[in-house]
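# Structural overview for review
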Protein chains: 2
Amino acid sequence: MHVTSSVNGVDLDRLSATIDNVSAEPALARFQFRAGNHWVDGGYSRTTIKDFYGAGHEDTTRTEAFTVDTDEPPVLLGENRAPNTVEYVLHALAACLSGTIVYHAAARGIALDGLETTIHGDLDVQGFLGLDSNVRPGYEQIRVTINVTGDFDDDQFAELTSLTRYSPVRDIISNPVPVAIDVTRA
Amino acid sequence: MHVTSSVNGVDLDRLSATIDNVSAEPALARFQFRAGNHWVDGGYSRTTIKDFYGAGHEDTTRTEAFTVDTDEPPVLLGENRAPNTVEYVLHALAACLSGTIVYHAAARGIALDGLETTIHGDLDVQGFLGLDSNVRPGYEQIRVTINVTGDFDDDQFAELTSLTRYSPVRDIISNPVPVAIDVTRA
């Protein structure tokens with residue numbers, strides 16, 4: 001009889017197999033994620049996300065593409081049809097911190113009952129508008145509060161608080177990522 | 001008679017008024033964006049986005065919250081219910097580069113017919129898994145290709161290619177942003 005062992009919704013057999021496979025063949029850890037964005041009007045655009053490469057091959061498990069829309073609120077000359085791009089950054093960071101804690105807690109056998117995250121980012125649009133070269137276009141700072149509930153002791157709680165160091169999006173935002181941009185004309 | 005002048009879907013009167021207002025009172029440029037994330041299961045979570053502060057007051061133009069879901073593909077132990085967090089990073093960057101070019105082109109009177117963006121990010125999951133401390137958790141590099149079409153001359157095209165420097169998300173990803181994380185227990 002095979003009993004599936006799942007903690008926090010994470011299948012521990014599969015997580016363990018993933019770690020074993022990557023440890024044996026590190027090239028399996030190489031992923032390439034992709035997206036395409038189609039501009040519609042003003043700050044309104046649509047992104048399509050489907051294919052990616054990972055674990056040694058092109059992934060074909062997604063039969064349909066995801067579409068993700070962006071717009072701006074009226075004060076930034078949009079029509080509130082969707083979140084704006086810097087709100088998506090907060091979303092990506094909050095969700096990544098959540099998933100990172102959940103996966104690593106599962107690997108350590110720490111079961112969580114709940115995890116709620118609130119996130120704020122401060123931004124001065126003088127940078128975007130090009131009005132003051134001393135003001136950066138992006139966030140000046142981001143603050144995150146993560147509330148976890150579950151049956152864990154003080155040592156395990158201390159361990160939970162340290163797990164965000166593995167978060168890909170935390171790393172992307174906290175540290176520089178080389179971005180190469182090529183603008184072409186048809 | 002008032003004639004609305006719009007370029008690339010951007011209302012130039014309102015853009016001009018925004019620039020004048022912020023120039024006269026720079027505090028109006030201060031924005032705070034926010035999100036809340038609720039963990040569901042494994043890498044599956046839901047973000048809610050609604051309120052923000054900007055232009056000197058709490059914005060109340062959104063009558064309903066946006067919800068944005070995240071999941072992982074099966075190879076990363078999810079069920080493909082939504083894009084994953086690092087795909088949302090690519091989305092945010094592509095859409096932000098698009099919007100930034102569109103707004104700044106409008107301000108310069110450069111009309112675009114189309115703008116399409118493709119984006120790739122390379123990531124080694126050994127960093128996320130904690131298997132190799134020399135591998136960063138986030139993207140090693142991101143490559144973007146932006147194709148613009150429209151009736152512009154070579155000088156204007158050269159100007160277009162330089163506009164991505166105003167992109168908030170480009171700045172956030174290319175340069176460090178301080179991220180303060182507080183983990184609490186109920």
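Structure: above.
Report follows, based on the coordinates. This structure is a prediction, so every number in the text was calculated from the model and none was measured.

On a plain count of helices and strands, chain A comes out with 5 helices and 10 strands. With respect to the three principal axes, the spread of C-alpha positions in chain A is 60 × 40 × 30 Å. Classification of the 186 residues of chain A by burial places 53% in the buried group. In chain A, the proportion of contacts linking residues at least 24 apart, taken out of those at least 6 apart, comes to 48%. Carbon and sulfur atoms make up 47% of the accessible area of chain A, which amounts to about 7700 Å² in all. Charged side chains in chain A number 13 positive and 27 negative. The centres of these two groups are separated by 7 Å.

Turning our eyes to something else, we now look at the environment of Thr85 of chain B. Along the polypeptide, Thr85 of chain B turns up in helix α2 (residues 85–107). C-alpha separation for the pair Thr85 of chain B and Ser23 of chain B, spaced 62 residues apart in sequence, amounts to 36 Å. For Thr85 of chain B, the contacting residues outside a window of four places in its chain are Ala92, Ala95, Cys96 and Val169 of chain A together with Thr70 of chain B.

Each side of the interface is counted separately: chain B has 129 residues, and chain A has 129 residues. Here chain B and chain A share an interface that buries about 11600 Å² over both sides, 60% of which is from carbon and sulfur atoms. Where chain B touches chain A, the interface holds 10 salt bridges. Close ionic contact of Glu140 of chain B with Arg30 of chain A constitutes a salt bridge, the shortest N to O distance being 2.8 Å.

The next thing to look at is helix α2 (residues 85–107) of chain A. Spacing of three or four residues puts side chains on the same side of an α-helix, whose turn is 3.6 residues. Residue and element names in this part refer to chain A. In a regular helix each residue adds 1.5 Å, so 23 residues correspond to 33 Å; α2 covers 33 Å between its end C-alpha atoms and thus fits that length. The element α2 is extensively covered by neighbouring structure, given that 22 of its 23 residues are classed as buried. The opening residue of α2, the one whose side-chain oxygen lies 3.3 Å from the backbone nitrogen of Val86, is Asn84. Following α2 by one or two positions, Gly109 adopts a phi angle in the positive range, close to 75°.

Take the relation of the copies chain B and chain A next. Under the fitted operation, chain B is carried onto chain A by 0.0 Å of movement along the axis and a turn of 180°, and the coordinates agree to an RMSD of 0.0 Å. When the rotation and shift are considered jointly, the pair of chain copies conforms to a two-fold rotation axis. Most of the interface of chain B is mirrored in chain A, where 100% of its interface residues again form contacts.

Next up on the list: the packing of α2 of chain A against α2 of chain B. Close contact between α2 of chain A and α2 of chain B brings their axes to 9 Å; oriented N to C, the two are set at 170°. Judged on the interaxial angle alone, α2 of chain B and α2 of chain A are roughly antiparallel. Across the interface between the two elements, Thr85, Tyr88, Val89, His91, Ala92, Ala95 and Cys96 of chain A of α2 of chain A pack against Thr85, Tyr88, Val89, His91, Ala92, Ala95 and Cys96 of chain B of α2 of chain B. Looking at side-chain class alone, the contact of α2 of chain A with α2 of chain B contains 10 nonpolar, 4 polar and no charged residues.

Another aspect to go through is the environment of Cys96 of chain A. Among the structural elements, Cys96 of chain A can be located in helix α2. Along the sequence, Cys96 of chain A and Thr164 of chain A sit 68 residues apart, while their C-alpha atoms lie 8.8 Å from each other. Other than its neighbours up to four places away in sequence, Cys96 of chain A contacts Ser167, Pro168 and Val169 of chain A together with Thr85 of chain B.

Side chains that are nonpolar tend, in soluble globular proteins, to be buried together. One finds Leu112, Tyr139 and Ile142 of chain A together with Leu112, Tyr139 and Ile142 of chain B to be the most contacted residues of the largest nonpolar core, which totals 106 residues. The contacts of Ile142 of chain B, once residues within four sequence positions are left out, are Val177, Pro178, Val179 and Ala180 of chain A together with Leu90, Leu93, Ile119, His120, Gly121 and Ile173 of chain B.

All names here are of chain B. Counting buried residues along strand β7 (residues 66–70), 4 of its 5 residues qualify, which places the element largely inside the surrounding structure. Where strand β4 (residues 44–49) and β7 come together, 5 bridges link them in antiparallel fashion. By the bridge assignment for β7, Arg46 is matched with Asp69.

For the rest of this paragraph, the subject is the state of the cysteines. Per the stated rule, a full pass over the model turns up 0 disulfides over all chains. Free of any disulfide, Cys96 of chain A has its nearest cysteine sulfur in Cys96 of chain B, 19 Å distant. Judged by its relative accessible area of 5%, Cys96 of chain A is buried.

Cut-offs and rules
- Per chain, the residues get numbers from 1 upward, laid out in the order the sequence is written.
- Chain labels run from A onward and ligand labels from 1 onward, assigned in the order the entries are written.
- Whole-chain, interface and lining totals are the exception, using all residues; otherwise, since this is a predicted model, local features are given only for residues with pLDDT of at least 70 and side-chain atom pairs are given and counted only at 80 or more.
- Neither water nor hydrogens contribute to the side-chain values; these are computed over all heavy atoms in the structure.
- Counting from the N terminus, the helices are DSSP H or I runs at least four residues long and the strands are E runs at least two residues long.
- Relative accessible area decides the class of each residue, using a 1.4 Å probe on protein chains only: under 20% of the type maximum gives buried, over 50% gives exposed, and in between gives partly exposed.
- Pairs of residues are marked as contacts when any of their non-hydrogen atoms sit within 4.5 Å.
- The protein chains shown are the only cover counted for residues, whose accessible areas, like all others here, come from Shrake-Rupley with a 1.4 Å probe.
- Residues scored as positive are Lys and Arg, those scored as negative are Asp and Glu, and His as well as the terminal groups of each chain are ignored.
- Lys charges are placed at NZ, Arg charges at CZ, Asp charges at CG and Glu charges at CD.
- Accessible-area loss on putting two parts together, using a 1.4 Å probe and summing over both, is the definition of buried area adopted here.
- Salt bridges are defined by distance alone: a side-chain nitrogen of Lys or Arg within 4 Å of a carboxyl oxygen of Asp or Glu.
- Every helix has an expected span of 1.5 Å times one less than the residues it contains.
- We call two N or O atoms a polar contact when they sit within 3.5 Å, provided that within protein one can donate a hydrogen and the other can accept it, with sequence-adjacent residues counted only if both atoms are side-chain atoms.
- In superposing the copies, a least-squares fit is computed on C-alpha atoms, taking residues whose pLDDT is at least 70 in both.
- Each axis is a line fitted through C-alpha atoms, and for a helix only the stretch in contact is used; angles between axes span 0 to 180 degrees, taken between their N-to-C directions.
- Note on terminology: angles under 35 degrees are roughly parallel, angles over 145 are roughly antiparallel, angles of 65 to 115 are roughly perpendicular, and the others are oblique.
- Under the grouping applied here, Gly and all other residues not named as nonpolar or charged are polar, the nonpolar ones being Ala, Val, Leu, Ile, Met, Phe, Trp, Tyr, Cys and Pro and the charged ones Asp, Glu, Lys and Arg.
- Nonpolar cores were defined as sets of buried Ala, Val, Leu, Ile, Met, Phe, Trp, Tyr and Cys residues, with membership established by side-chain atoms within 4.5 Å.
- Here, any two strands with at least 2 DSSP bridges between them count as paired.
- By convention in this document, the label disulfide applies to cysteine sulfur atom pairs within 2.5 Å.

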